[in-house]
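# Structural overview
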Amino acid sequence: METWTGTFTGLLLLLLLGQPGAGTGGDTEAVVCTGMACYTAHWGKLSAAEAQNNCSQNGGNLATVKSEEEAQHVQRALAQLLRLEANLTARMGKFWIGLQREKGKCLDPSLPLKGFSWVGGGEDTPYANWYKELRNSCISKRCVSLLLDLSQPLLSSHLPRWSEGPCGSSDSPGNNIEGFVCKFSFKGMCRPLALGGPGQVTYTTPFQTTSSSLEAVPFASVANVACGDGDQDKSQSHYFLCKEKAPDVFDWGSSGPLCVSPKYGCNFNNGGCHQDCFEGGDGSFLCGCRPGFRLLDDLVTCASRNPCSSNPCRGGATCIQGSHGKNYTCHCPQGYQLDASQLGCVDVDECQDSPCAQECVNTPGGFRCECWVGYEPGGLGEGACRDVDECALDPSPCAQGCTNTDGSFYCSCQDGYVLAEEDGTQCQDVDECAGPGESPCDSLCFNTQGSFRCGCLTGWELAPNGVSCTMGLVSLGPPSGPPEEEYKGKKEGSTVAPAAAASPTRGPEGTPRATPTTRRLSLSPDAPVTTDPLEMLAPSGSPGVWKEPSIHHITAASGPQEPAGGDSSVAKQNDEGTDGQKLLLFYILGTVVAILLLLALALGLLVYRKRRAKREEKEEKPQNAADRYSWVPERAEGRATENEYSVIDSGSGCEEARARGSPEQLLCSLGPKRKR
C-alpha cells in the first residue's frame, strides 16, 4: 500500500509540474493503445539507431508489425501524426520500425522476413508486407521502414508497405526518412474513465505521452479529471492511478460516476454508467447492469456473470467456467500445456521423451520423425528406419567396386588402381614404373592402364618371367627361297631381307636353344635401308607383363634372301630397326657436313672481298705524276698511225670521251693507268 501511495504521489507531482495545461485542449501527440501495448508515431530525421535509442529511453523499442492487426494499430498512430501536421507536401515518406538484419547475415528468400529479425526479439513471424524484391547483400546492416504517401489519407485496406535499406547515420539518416514508430508493452490496461457530467480527462502514460482520447489506458498511467463547464474558478480536479487490483484485473480505484450533476442526471453521457442509468427523485442517479452481468466495485462498470465472457485465456487456451460461475480454468489443446500464468498455452517438446528411432523434430503442437543420412523410413514400429543400399542404385556411386555398410558405403578399386582423393568414389591408374621404389622391370618399363609391361634393349631378349632380360642367341641357316619374290612391289625404304634365320632346337628342359652358324655378311650393292621403327610383339606370358623382342644380328648372303623357319619375321624386323638407325645417323652427319660447307664458303667469300678491297685501295693512291700517263713504245715514222689509246687524263679528257661515246671512256672507268 505504501508503494502504491509513493508511486501515485510521484506521478501526481510530475503531472502538476510537467502538464500545466492539462485538461484544456486536444491531443498533441499520436498514440494508440489497445490490448497489451501502445504505439506512438514521431517526426524526426534520425538514423535507425538514434530512433531506437529515443524509444528505449522511455522503456520501449521500435515498433513490431507481426500481424495484420498490429499493422492496423501502427497505421492509426501514423494517421494521427499526419492529422497533427498541417500543410504537408505531396511526397513519399519513410518511418523506421524495429525490423533489422545484422551485418554478415545474408538474405533468406525462403522466410517471410527474409532473414530480418525484430529488435525486441521473438521468432520469425508469418506476416510480411514487402514493397519490392530485396537485395541480396551481406556486407552491411540493413533496416526496414514503412513507406507511405504523406499527402494521401491512410486507408485500412492499404496498409503501409515495408522498404529495406541502409540504417543511416547521424549525418545521413537515409533517403526520405521522416520519423519513426515506437511500441510500449504493458501487463494490462484500464478502461477509460466515464464522466457523468461536464469535464475533461487527460491521461499521462508511463512513456511520457499525454492524450485525452485513449481507448485503453496502460497500467501505471495517471488520469487528471477536471469537472466543470470550463470555468477555472468553479472547476474541480481529481487524480487517479491505473492499478492492478487482482491478477489481470486493472482499475482506477474510484467509486461511482465522476463529475455528476443534478442538472443533467442521466441525460449527460448516460450518467457515466457502463450499461443502465437509474435516476432518483432528488436528482441523483445510480448505475445498473443488464441480466447476466454484475456491477463491479467502481459502481459504473458491468461485467458478465460468466467469468469466461471477458476471454481471460490466451494463446489458444479455452476458458472453462467453474461450477458456481465465480471461477474458471484454461485448457490447452493436445501438444500444448499451460504456461506459468495458467492463462496461456506453450508448446510441449515431445522430443525430450525420445519417441523416434533416430531423429526427432519438434513442431508446434506435435513432432515428426526423420532418418539419418543413409537410411529411409520403414521397418517395424512408428518412426523406424532401415538402411539404404547405395550400391544397388543405378548408376552406382562408385566407379569400380562398391560395398554397402550400415547407413553408408565405401568404394574400392581393382589391382593397378587407387581411389582418387576428390570424393573417394573414382579410381585412378597407378604408375608402377614411376613409383617411389625400384622399378618392377630389370630394363625398360612401360606403364599401361591398370598394369605395366617390360621390355629389353637391342640385342637382349625378355626372359620367361617377363621381367628380366637375357642375351639373345641366333642360329643362322642357309638361304632359301627365291631372292626376288620378297622384294616385288616394295617401294624404296623397305627392309633388306636377312640371308638366314635362327633354327631353334629344344634343350633338355624344353626351352628354345639356338645353334648359331657362322656366315660371312654380304649385302647387295642396291639393297635399300628401311626407316621403319621397331615394332613390339603381342603380350605373352604372365598377366600384366609384356614381352618385347630383342634385335638379332643377322649374317646376310649376297643379294636379298628370304628367311626360312618361324623366326624370319623377327630377323627381318631386327634388320629393319638397325638399318633405320644407320640411315638416321647418315642423315644427321650429312646435314652437319652441309652446314660446315656453307660456313666455309661464306668465310672464303668474306676473305676474298676484303683482299679485293685492299688491292683497289692501293691502286687508287698515285705515287707520282707519271702514274697518270701511259707510255707507248716507239715505232717507225713511216708506219706510225694515230694511237687510239692515247693518254687520257682523268679530268677533262674523260668528260670529252664520254660525250663522244668513244672507247676511251672504258679507260676512264679503270682510272689513270699505263695502257699498252
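What counts and how
Residues numbered from 1 in each chain as written. Predicted model: local features only at pLDDT ≥ 70, side-chain atom pairs only at ≥ 80, totals over all residues. Heavy atoms only, no water. Helix = DSSP H or I, 4+ residues; strand = E, 2+ residues; numbered from the N terminus. Buried < 20%, exposed > 50% of the residue type's maximum accessible area, 1.4 Å probe, protein only. Areas by Shrake-Rupley, 256 points an atom, 1.4 Å probe, with all protein chains shown as cover. Phe/Tyr/Trp six-rings, centres within 6.5 Å; stacked < 30°, edge-to-face > 60°. Contact = heavy atoms within 4.5 Å. Salt bridge = Lys/Arg side-chain N within 4 Å of Asp/Glu carboxyl O. Lys, Arg positive; Asp, Glu negative; His and termini not counted. Pairing = 2+ DSSP bridges. Expected span 1.5 Å × (residues − 1). Patch = residues over 30% accessible without salt bridge, like charges linked within 9 Å, V, L, I, M, F, W, Y side chains within 5 Å. Charge placed at Lys NZ, Arg CZ, Asp CG, Glu CD. Disulfide = S-S within 2.5 Å. Core = buried A, V, L, I, M, F, W, Y, C linked by side-chain atoms within 4.5 Å. Domains from an automatic or database assignment. Arc of directions from axis to C-beta.

## A short note on the overall build of the protein
- In terms of helices and strands, the protein carries 6 helices and 38 strands.
- Counting all 676 residues of the protein, 33% fall into the buried class.
- Carbon and sulfur atoms make up 53% of the accessible area of the protein, which amounts to about 41,500 Å² in all.

## Describing the packing of aromatic side chains
- Per the stated rule, a full pass over the model turns up 11 aromatic pairs.
- For the pair W130 and W162, a centre-to-centre distance of 5.3 Å together with 80 degrees between the ring planes defines the contact as edge-to-face. Of the two residues, W130 sits in the loop between β5 (117-118) and β6 (142-149) while W162 sits in strand β7 (residues 161-166), which places them 32 residues apart along the sequence.
- Relative accessible area serves as the criterion here: at 12%, W130 is assigned to the buried category.

## Description of the environment of G271
- Counting through the fold element by element, G271 comes out in the loop between β16 (249-251) and β17 (276-279).
- Taking the C-alpha atoms as reference points, G271 and L258, 13 residues apart in sequence, are found 8.8 Å from one another.
- Ignoring any residue separated from it by four or fewer positions in sequence, one finds G271 in contact with L195, G196, P257, G265, C266, C277 and F285.

## Remarks on the pattern of salt bridges
- According to the stated counting rule, one finds 11 salt bridges in the structure shown.
- Of the charged contacts in the structure, one is a salt bridge between R76 and E215, with a shortest N-O distance of 2.7 Å. Within this pair, whereas R76 is found in helix α3 (residues 68-84), its partner E215 is found in the loop between β11 (210-211) and β12 (217-218), the two being separated by 139 residues in sequence.
- The exposure class of R76 is partly exposed, given its relative accessible area of 33%.
- Classification of E215 by relative accessible area gives exposed; the value is 53%.
- Several salt bridges converge on common partners, so that one network encompasses K45, R91 and E178.

## Here's the deal with the side chain of E350
- Mapped onto the secondary structure, E350 falls in the loop between β24 (345-347) and β25 (359-363).
- Although E350 is buried, it forms no salt bridge, and the closest oppositely charged side chain is R368 at an N-O distance of 11 Å.

## Remarks on the pairing of strand β4 (residues 92-101)
- Of all the 10 residues making up β4, 9 are buried; the element is thus mostly covered by neighbouring parts of the structure.
- Relative to β6, β4 runs antiparallel, the two sharing 7 bridges. Across the sheet, the residue bridging to G93 is L148, located in β6.
- Of the pairings in the sheet, the one linking β4 to strand β8 (residues 177-185) comprises 3 bridges and is parallel in character. Opposite W96, over in β8, you have F180 as the bridge partner.
- Taken together, the 2 bridges between β4 and β5 define a ladder with antiparallel strand orientation. Among the inter-strand pairings, L99 is bridged to a residue of β5, identified as W118.

## Some points on α3
- For α3, built from 17 residues, the straight-helix expectation of 24 Å at 1.5 Å per residue is met to within 8% by its first-to-last C-alpha distance of 25 Å.
- By the burial criterion, the buried members of α3 are E70, A71, H73, V74, Q75, A77, L78, A79, L81 and L82.
- Taken together, the buried residues of α3 touch β1 (30-34), β2 (37-43), β4, β6 and β8.

## Brief notes about the side chain of S145
- For S145, the position within the fold is in strand β6.
- On the basis of relative accessibility, which here comes to 2%, the residue S145 falls in the buried class.
- If near-sequence neighbours (up to four positions away) are discounted, S145 is found in contact with K94, F95, W96, I97, R161, W162, S163 and I177.

## Overview of the environment of G322
- Tracing the sequence through the fold places G322 in the loop between β21 (318-321) and β22 (328-331).
- For the pair G322 and C308, spaced 14 residues apart in sequence, the C-alpha to C-alpha distance is 9.5 Å.

## Description of a positive patch on the surface
- On the surface, K610, R611, K614 and K618 cluster together into a patch of positive charge.
- As for its placement among the helices and strands, K610 is situated in helix α4 (residues 568-619).

## Some points on the state of the cysteines
- Scanning the model with the defined rule gives 21 disulfides in all.
- Note on cysteine connectivity: C190 is disulfide-linked to C242, with sulfurs 1.9 Å apart. Between C190 and C242, the S-S torsion sits near 90 degrees, and that sign places the bridge as right-handed. Highlighted residues: C190 in strand β9 (residues 189-190) and C242 in the loop between β14 (236-241) and β15 (243-246), separated in sequence by 52 residues. Of the two residues, C190 and C242, both sit in the buried class.

## Quick word on the environment of C371
- With respect to the helices and strands, the residue C371 is situated in the loop between β26 (366-370) and β27 (375-377).
- By relative accessible area, which is 23% here, C371 ends up partly exposed.
- In sequence terms C371 and C385 are 14 residues apart; their C-alpha atoms lie 6.0 Å from each other.
- Those residues in contact with C371 that lie beyond four places of it in its chain are Q358, E376, P377, A384 and C385.

## Let's talk about the sheet that holds strand β13 (residues 222-227)
- Pairing within the open sheet is antiparallel, and its 4 strands lie in the order β11-β10-β13-β14. For this open sheet the edge positions go to β11 and β14, each flanked by a neighbour on one side alone.
- Pairing of strand β10 (residues 199-204) with β13, which is carried by 6 bridges, proceeds in the antiparallel orientation. Within β13, the residue paired with T202 across the bridge is N224.

## Quick look at the nonpolar core
- Core analysis: the largest hydrophobic core is formed by 35 residues, its most contacted members being W96, L193, Y203, V225 and W252.
- Counting only elements with at least two residues in this core, the list comes to β1, α2 (48-56), β8, β9, β10 and β13.
- Tallying contributions element by element places β8 first for this core, with 4 residues.
- Residue assignment places this core across two domains, with domain 1 (30-102 + 139-185) and domain 2 (189-304) each supplying three or more.
- The residues touching W252, leaving out its near neighbours within four places in the chain, are C190, R191, P192, L193, Y203, V217, S221, V222, A223, F240, L241 and C242.
- The next biggest cluster of nonpolar side chains, apart from the first, holds 30 residues, and it includes V65, I97, W118 and V144.

## Some thoughts on a nonpolar patch on the surface
- A cluster of nonpolar residues, L584, Y587, I588, V592, I595, L596 and L599, forms a patch on the protein surface that exposes about 700 Å² of accessible area.
- A relative accessible area of 43% means that V592 is categorised as partly exposed.

## Focus on α2
- For α2, the set of buried residues is A48, A51, Q52 and C55. Seen along its axis, α2 keeps its buried residues to an arc of 100 degrees; they face one direction.
- In this fold, the buried residues of α2 make contact with β3 (61-62), β4, β6 and β8.

## What to know about unusual backbone geometry
- The step from D394 to P395 runs through a cis peptide bond, and the omega angle for that step is 5 degrees.
- Positionally, P395 belongs in the loop between β28 (385-387) and β29 (401-405).
- The phi angle at Q208 is positive, at roughly 65 degrees, despite the residue not being glycine.
- Tracing the sequence through the fold places Q208 in the loop between β10 and β11.
- Given the relative accessible area of 45%, Q208 is considered partly exposed.

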